[in-house]
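Structure at a glance
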Amino acid sequence: MFAPLGLFKDVPCPQGEQCSLFTCIFSHREVVSKPVTRIQSLEEGEIDEPAPKRIKLDPQSEKKEVIPQAKSGPPIKTTSAPIRKPATPAPKVEKPRPLSSHSPGTKATPVKQAVTQSSGSSRPPRQAPKESLNPRMLPKAPASFNVRSAILKKLHSTLCTLNTMLVKDKSLKDKCLILTPDELVTMALDEEEKVAKDNPTIYPNIIKLRIVKLSKLTKEDWEKELKVYLNKKYYKLTPIGAPAVKDPKESNPFTTLTPAEELAVVSRLVTPLHGLEEHGYVTRAPSDAEIETAQKGVLESKGWEKCDRCGGRFQVFPGRREDGTLTTGGLCTHHPGKALYPPKKKTDHVTGSREAYFTCCNETLGQSPGCTKGETHVFKVSEVKRLASILQFETTPANPSLDAKNPQPICFDCEMGYTTLGLELIRLTAVSWPQGQKVLDILVRPLGEVLDLNSRFSGVYPEHYANALPYSSSEHPSDPPPSEPSSSSEPKSNPIPDQTQLQVVPSPSAARSLLFQLLTPETPLIGHAIDNDLNACRVIHPTIIDTALLYPHPGGGLPYRMALRTLARKFLDRDIQVGGRGHDSLEDAVATGDLIRVKAQEVMRGLRREGWVVRGGRLVNGDERGVEVEEFV
């Protein structure tokens, strides 16, 4: 090592008292530890605080003597006379100077200091990571780095403009809504990354529309979006889509209707099933002759089926073959994702059209037989009479224990797995509407031997059955909660259960009996693509509300249907079916119910224009004077 030249002898050591070097090139003459404060700097992470005042010494005290110490530590100052502590309180910390929050290429705007939490707030302090304004790395980027960087800078500039609008608002009560520069960068990176992952094929259009939407937000709308983001990112107090500060009078973040108004208008959302039989909706149970025909066909086929994944032919042996085999055909090589066909462009005749690819691996159609290998082939039964040959359909019976005149709507969702009898019910969940409270959530043991639990989509794994307890009625009361939630109770967040604690019933018929305890023929049963769930339970229900029908596909409706995840993101600003552990029937049921609440708000808005009002829990129509009133049945 070379001898130090003393160029840094007047520069205080950055490590201070924590310096462990035996020979340090920096100065250790005096290290003054600054008091720790709750407020953090906006840009550097530290406050430009004034040096603390020196402690006044006794006039009669002698001069200080410095005892030389080893080079590894600073000198210790001592005095021959005792130092008297001042009676005055500790010096106050001055407020830091105003800093600016702007993105490169934009005009700097003075921004006041933003504290991490407002006075008297019980929320924990926020601490955003210090990140650079560069796009985050992704396994498959939707655009080039330069394009993503330019979009990110524009997005960051828009967020800074909105943040400045809150800073200039002197009437703002919740100061924690003002973001620091680090939080602005993190928010811009989160927004850009979310769009890049969720919509890689139409990334430029989605992110540009998002920037335009942000630039047109009012202060009130920005506060609502900001509360949702902060709660999800830092506090995790509320469900996605719900405001951070909840008004006790507002129990639903998606509509302004009261629960009584929602229950009154829900009858307008019921869809008649007659005429939809060709799309999978069952309106009558197959006859004995039809069931006998289906059973005869299964016997003649000798177990040969078509794989639902790879399309190959294989043989299945319900009850196992003598050698213990359930299926033939070996491994199933397939693509679990769907084939995506990019939209056509006007320049396709020049540049050529983009080839279709699989969403699971981004491979072009026809290049490979599959990216995933399954242990066995699987199949699905869609023919109604063959479904009835396994378990007959039943119509919802009358239930004297429930009020048939004012039924409590129920949202339900099912998860299915592959067995030697086809695609069978393995989980059933029901929640009340509009409260969204769980009333039934059980695992179901299928009738056939399990081939694949379809965990990628069902979210049910073998360990859930291993840890499940036998069903107990005390854990799931048959009576749903009251229609009017108490005003003192806080609105509950999206219930995402620990599936390892679910209870299990021995058969699909047992699960159906438990569902019938919650229903009457007049009960509105809510679901998404509800025909699949009803067929899995073998239920024929006359009063259904299907979000797949209320939110039709832009391609013309049935047989095409919008995915529940897409509807939740578009109308609820909520991401569901994420996390890599498959779907969650409880999460899906709650999301379906919230979509119906949004639709009820839309329908009620149109009814009010026509003169309809809610009186005594009933939807009635009449003139403004209320002379002529007609009940809606």
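What comes next is a walk through the structure.

**Regarding the side chain of Ser455**
Mapping Ser455 onto the fold places it in helix α9 (residues 455-458). Taking relative accessible area as the criterion, Ser455 reaches 14% and is therefore assigned buried. Discounting residues that sit within four places of it in the chain, Ser455 has contacts with Val460, Tyr461, Arg581 and Gly582.

**Some thoughts on the state of the cysteines**
Within this structure, the stated rule accounts for 0 disulfides. Unpaired in this structure, Cys371 has its nearest cysteine sulfur neighbour in Cys360, at a distance of 3.5 Å.

**Comments concerning the packing of aromatic side chains**
Applying the stated criterion across every chain yields a total of 3 aromatic pairs. Seen in terms of ring centroids, Phe8 and Phe26 are 5.6 Å apart; in terms of plane orientation they differ by 55°. Their pairing is tilted. Of this pair, Phe8 sits in the segment before β1 (65-67) while Phe26 sits in the segment before β1, and the two are 18 residues apart along the sequence. Exposure remark for Phe8: the relative accessible area of 39% places this residue in the partly exposed category. Taking the centre distance of 4.7 Å and the plane angle of 50° together, the rings of Tyr551 and Phe571 count as tilted. Placement of Tyr551 in the loop between α13 (547-550) and α14 (564-572) and of Phe571 in helix α14 is noted, with a sequence separation of 20 residues between them.

**Things to note about unusual backbone geometry**
Excluding glycine, most residues fall at negative phi; most peptide bonds, likewise, are trans. Residue Pro434 is bonded to the preceding Trp433 through a cis peptide linkage, with omega at 10°. Structurally, the position occupied by Pro434 is in the loop between β13 (422-432) and β14 (438-444). The peptide bond linking Leu558 to Pro559 adopts the cis configuration, its omega dihedral lying at 5°. Looking at the secondary structure, you find Pro559 in the loop between α13 and α14. The phi dihedral of Arg320 falls on the positive side, at around 75°, and the residue is not glycine.

**Things to note about the pattern of salt bridges**
In total, this model carries 27 salt bridges according to the counting rule given. The partner of Asp169 in a salt bridge is Lys219, and the shortest N-O contact between them spans 3.1 Å. In this pair, Asp169 is assigned in the loop between α1 (145-167) and α2 (181-198) and Lys219 in helix α4 (residues 219-235), connecting sequence segments 50 residues apart. Overall, the relative accessible area of 21% leaves Lys219 in the partly exposed class. Of the charged contacts, one joins Lys385 and Glu383 as a salt bridge, the two residues approaching to 3.6 Å between their closest N and O atoms. On the accessibility criterion, Lys385 (26% relative accessible area) is partly exposed. What makes Glu383 partly exposed here is its relative accessible area of 42%. The network of salt bridges with common partners includes Glu131, Arg136, Asp190, Glu193 and Lys197.

**Some thoughts on the packing of α1 against α2**
Between α1 and α2, the least distance of the axes is 9 Å, while the angle of their chain directions is 130°. Comparing their axes, α2 and α1 come out oblique. Between α1 and α2 lies a crossing of right-handed hand. Where α1 abuts α2, its residues Arg148, Leu152, Leu155, His156, Leu159, Cys160 and Asn163 lie against Leu184, Val185, Met187, Ala188, Leu189, Glu191 and Glu192.

Reading guide: rules and limits
- Positions within a chain are numbered from 1, following the residues in the order the chain's sequence is written.
- Per-residue local features are limited, in this predicted model, to residues with pLDDT of at least 70; the limit for side-chain atom pairs, both in listing and counting, is 80 or more; totals at the level of whole chains, interfaces and linings are taken over all residues.
- To obtain the side-chain values, all non-hydrogen atoms of the structure were used and water was disregarded.
- Each helix corresponds to a stretch of at least 4 residues labelled H or I by DSSP, and each strand to a stretch of at least 2 residues labelled E; elements are numbered beginning at the N terminus.
- Summary of the burial criterion: residues with accessible area below 20% of their type's maximum are buried, those above 50% are exposed, and those between are partly exposed, where the area comes from a 1.4 Å probe applied to protein chains only.
- Residue contacts are counted whenever heavy atoms from the two residues lie within 4.5 Å of one another.
- Pairs of cysteine sulfur atoms within 2.5 Å are identified as disulfides in what follows.
- Any Phe, Tyr or Trp ring, taking Trp's six-membered ring, that has another such ring centre within 6.5 Å forms a pair; planes under 30 degrees apart are called stacked, those over 60 apart edge-to-face, and the others tilted.
- A pair is scored as a salt bridge if a Lys or Arg side-chain nitrogen falls within 4 Å of a carboxyl oxygen belonging to Asp or Glu.
- Geometry is summarised by axes, namely lines fitted to C-alpha atoms with helices restricted to the contacting stretch, and by angles between N-to-C directions that run from 0 to 180 degrees.
- Roughly parallel means an angle under 35 degrees; roughly antiparallel, over 145; roughly perpendicular, 65 to 115; everything else is oblique.
- In this scheme the crossing of two helices becomes right-handed for a clockwise turn of the near helix relative to the far one and left-handed for an anticlockwise turn of less than a right angle.

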